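Tertiary structure, described
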Amino acid sequence: MGKKPKIGCIVSTLCFVAFTATIYYEFLSHHSIEGKLGLFKGGCLSLVFFLVGLLASDFTWRITSDYYSFKNLWIHYTSLLFLRLASFIFHRLVVKDTRNVRGVQEKFILDLIKSNALTDYGKSHDFSSIKSVEDFKSSHPLTRYSYYEKYIDRVYNGETNVMTSLQPYILAMTSGTSGQPKMLPTVKKGRSLFFTYGLLPLFHILFTNMDGINNLQKKLKFFYTPRWRQTPSGISIGPNSSSPTNSQAELSFHSTPAAAFDILSEPEALYVYLLFGLRDKKLGYLEANFASLIYTAFVSLESNWKDLLTDLRNGYIKPDLNIDSSVRKRLNSELSPFPERANELQTEFERGFLGIAKKIWPYMNFILCVDSGSFQVYGDLLRKTYCKGLHIYSPIYAATEGFIGINLWPFSPDSQYLMIPKVLFYEFIPIEKSLSCEQPDTLLLHEVTEGEVYEMVISNCSGLYRYRFGDVVKVVGFHNQSPIVEFMYRQGQFLNVRGEKTSEKLFYEAFHDSFNMVMVGYSLLDYCCVEQLPQSGEETPRYIVFMEVGSKEVTPSVSLINQLAEELDKQLQSSYIYKSFRDKGSIAQVKVHLVKPMTFSKFRRTLILSEKATPNQFKVPRVIRKSEAIDFMHQNLVIQP
């Protein structure tokens, strides 16, 4: 495939050169104005033919979706040309910034303070007197969400110039995984910074590492339209993560028709996404915010493939799918019977779902989604099951509070992110000081040390200053002067019954290793933990684990699960603090419970509905503390060790 464009370009160029040389010779031979004018027109025409030939040659070698109109095909093609140039430029700008981290960071925060000095927040914090980074750190405290609530209430009620001179365009809701959801004002400048210093440099990484990105294939992206609310003053309330609402310009590149994004309920929307995705054999890649969304999609595909293939054969959506009649009409107008494709898919589904993605979409190139932190379990599952043989790339490190970093190394086994100096102002609290002090000293971006673990603190253009949002990272290296970090965990997802503070990452690694050692032939589908705290003086606290397993038809025995609990407890004792409490008998051995199949799918749907969350940003909490969630798990137990 790589030789075709070269051959086409060479042939076009040779023809153009020969024709141009002939015209030039004739041009010199003619002395009349009319003759030279005619030759000039011929030269212009040859240039047009040359360019058309180049474009035709460039089109012919690319894999192209069968479901593009010529207009959308042309838009896709020209978008690739623009992105290739723009991404190259902004990637170079990012690299340039990494050579002067201290200067870029200082300019960012001082410009930010100056632009907001006349806001109510700026006046109350004497921003006009801040002339240096040292002034900022000494005069402004480290903050948490409660520090801003009175200001956010004023923004909610329609006041302007409260936290930022720029008017917020959205009150962004956090996922609430590590506590109650928070509502954060967000200005458009933040989204602009994300595009120019996040998405554009990312495309440079894709262009230079992923051959398939140059094709004219559609993608299947699993994201859902949020249920937006509005403040009394008309500001939208909802997630600021990627959704159909804020991705209008790219929707024509999706296998999913625009009408499907009007379906607000996830199960029905997902069914339609899968139906149109199955239709297109030449899909280029899968994308979602998180690996959990892609895993959920494949679970749904495995459960519903017979209905999906019936709809594909019939050329219309099944009547009992609960969607609006007008949406159904628009979707059915996009469908026609595809019996041959349905038969082809049926053959693959009946053979089994191991590596099914590459079998039903043979031209698929890669998968884009976050598979680090809480989502590592889903990334591991996809690689072992449905998406075996496909590369999963976790491209971006971002949170509701701001965009943080890019993964420049798509084939690295660990997701590591280069911190971008021009989008946020960063500070770092050494982890040993993070939990013991509310106002500890901080280090700046150029002051961190490789190998150390830190709580991250940010200041952003949307009105948060020295904000402790809970992310903990490890510095694993540097690109020029800018740190490369690995996301470790978010505070609030600790297991902590005696002050030992076992992190989500430490627990998952111990559980993952123990499971693979003991539960041979099974796969870990999902899990969560509960802190069993003493209810009376005679009880000893412990961790309780609820897990869902797959692969084998035989339910694991009580003795096997007990063996897993023993091995997990042993692995957790790699932490000196946990081991010391176990040795003293202050913490009892871990308990592991097995839950029924599909428990976590039901749990996920229940939490999304009860908390009015969007699937785009939902994370299964690894430590559950709400009594309703704990009761849900107990109601779905299979056996107890």
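Now for a description of the structure that goes with this document. Model, not experiment: these values are computed from the prediction. (Residues numbered from 1 in each chain as written. Predicted model: local features only at pLDDT ≥ 70, side-chain atom pairs only at ≥ 80, totals over all residues. Heavy atoms only, no water.)

1. Let's talk about the overall build of the chain
Secondary structure assignment for the chain yields 20 helices and 20 strands. By the burial criterion, 54% of the 641 residues in the chain qualify as buried. A sequence separation of at least 24 residues applies to 68% of the contacts in the chain between residues at least 6 apart. Just so you have it, the chain exposes about 28,900 Å², and 55% of that area is on carbon and sulfur atoms. (Helix = DSSP H or I, 4+ residues; strand = E, 2+ residues; numbered from the N terminus. Buried < 20%, exposed > 50% of the residue type's maximum accessible area, 1.4 Å probe, protein only. Contact = heavy atoms within 4.5 Å. Areas by Shrake-Rupley, 256 points an atom, 1.4 Å probe, with all protein chains shown as cover.)

2. Some thoughts on the sheet that holds strand S5 (residues 236–238)
With mixed pairing, the four strands of this open sheet are ordered in space as S2-S1-S5-S4. One side of each edge strand has no neighbouring strand; the edge strands of this open sheet are strand S2 (183–186) and strand S4 (229–230). In this sheet, S2 lies alongside strand S1 (residues 170–173) in antiparallel orientation, the contact comprising four bridges. What sits directly across from Leu171, in S2, is Pro185. Sitting on the sheet, helix H7 (residues 149–156) is in contact with S1, S2 and S5, with an inclination near 65° to S2. (Pairing = 2+ DSSP bridges. Axes fitted to C-alpha atoms, helices over the stretch in contact; angles between N-to-C directions.)

3. Let's talk about the pairing of strand S10 (residues 402–406)
Burial of S10 is extensive: five of the five residues sit out of reach of the surface. Hairpin geometry of strand S9 (residues 396–399) and S10 is characterised by an intervening segment of two residues between the two adjacent antiparallel strands. When S10 meets strand S11 (residues 417–419), the two strands line up antiparallel, connected through two bridges. The residue of S11 that forms the bridge with Gly405 is Met419.

4. Things to note about the pattern of salt bridges
The final tally for this structure, using the stated rule, is 26 salt bridges. Here Arg351 ties to Glu348 by a salt bridge, and the two come within 3.3 Å at their closest N and O atoms. Residue Arg351 and its partner Glu348 are located together in helix H12 (residues 339–351), separated by three residues, close to a single helical turn. On the basis of relative accessible area, Glu348 is assigned to the buried category, the value being 17%. Bridged by salt links that share partners, the residues Lys219, Lys221, Glu250 and Glu287 form one connected network. (Salt bridge = Lys/Arg side-chain N within 4 Å of Asp/Glu carboxyl O.)

5. Overview of the sheet that holds strand S3 (residues 219–222)
Taken in spatial order, the four strands make up an open sheet running S3-S6-S7-S8, and their pairing is parallel. Each edge of the open sheet carries a strand with a single partner, namely S3 and strand S8 (391–393). This sheet shows a mean twist of 20° between the axes of neighbouring strands, independent of strand direction. Sheet topology note: the strand S7 (residues 366–370)/S8 ladder contains three bridges and is parallel. Along S8, the bridge assignment pairs Phe366 with His391. Across the sheet, helix H10 (residues 291–314) is in contact with S3, strand S6 (285–290) and S7; its angle to S6 comes to roughly 125°.

6. Observations regarding unusual backbone geometry
Of note in the backbone geometry, Arg466 takes a positive phi value of approximately 50° without being a glycine. Structurally, Arg466 is set in the loop between strand S14 (453–459) and strand S15 (467–479). Its identity is not glycine, yet Asn480 carries a phi of approximately 55°, on the positive side. The topology assignment puts Asn480 in the loop between S15 and strand S16 (482–490).

7. Focus on the packing of helix H19 (residues 599–610) against helix H20 (residues 627–635)
Relative orientation of the contacting elements H19 and H20 amounts to 155°, with a least axis distance of 11 Å. With respect to H20, the axis of H19 lies roughly antiparallel. Viewed along their axes, H19 and H20 form a crossing whose handedness is right-handed. Contacts between H19 and H20 pair Thr599, Phe600, Lys602, Phe603 and Thr606 from the former with Ala629, Phe632 and Met633 from the latter. Taken together, the residues of the contact of H19 with H20 break down into five nonpolar, two polar and one charged. (Parallel < 35°, antiparallel > 145°, perpendicular 65-115°, else oblique. Left-handed = near helix turned anticlockwise from the far one by under 90°. Nonpolar A, V, L, I, M, F, W, Y, C, P; charged D, E, K, R; others polar.)

8. With respect to the environment of Arg144
With respect to the helices, strands and loops of the structure, Arg144 is situated in the loop between helix H6 (133–139) and H7. Separated by 324 residues in the primary sequence, Arg144 and Arg468 place their C-alpha atoms 5.5 Å from one another. Setting aside anything within four residues of it in sequence, one finds Arg144 in contact with Glu438, Tyr467 and Arg468.

9. Considerations on the packing of aromatic side chains
Applying the stated criterion to the full structure yields 37 aromatic pairs. Taking 6.0 Å as the distance between ring centres and 75° as the angle between the ring planes, the aromatic pair formed by Tyr67 and Phe338 counts as edge-to-face. On the criterion of sequence distance, the pair formed by Tyr67 in the loop between helix H2 (33–60) and helix H3 (70–97) and Phe338 in the loop between helix H11 (325–332) and H12 is long-range, its members being 271 residues apart. Here the aromatic cluster, defined as three or more aromatic residues joined through ring pairs, consists of Tyr121, Phe127, Phe136, Tyr147, Tyr148, Tyr151, Phe425, Tyr465 and Tyr467. (Phe/Tyr/Trp six-rings, centres within 6.5 Å; stacked < 30°, edge-to-face > 60°.)

10. Points about the environment of Met633
By the element assignment, Met633 lies in helix H20. Since its relative accessible area comes to 0%, Met633 is described here as buried. Along the backbone, Met633 and Phe603 are 30 residues apart, and their C-alpha atoms lie at a distance of 8.3 Å. When residues no more than four places from it in sequence are discounted, the contact partners of Met633 are Cys528, Phe546, Val595, Thr599, Phe600, Phe603 and Ile624.

11. Section: the pairing of S15
Here S14 pairs with S15 via five bridges, running antiparallel. Note on S15: the bridge partner recorded for Tyr454 is Val473. Where S15 hands over to S16, the hairpin turn is made up of two residues, of which Asn480 adopts a positive phi near 55°.

12. Thoughts on a nonpolar patch on the surface
Nonpolar side chains collect at one region of the surface, where Leu85, Phe88, Ile89 and Leu93 lie side by side and expose about 340 Å² of accessible area between them. Within the secondary structure layout, Ile89 lies in helix H3. (Patch = residues over 30% accessible without salt bridge, like charges linked within 9 Å, V, L, I, M, F, W, Y side chains within 5 Å.)

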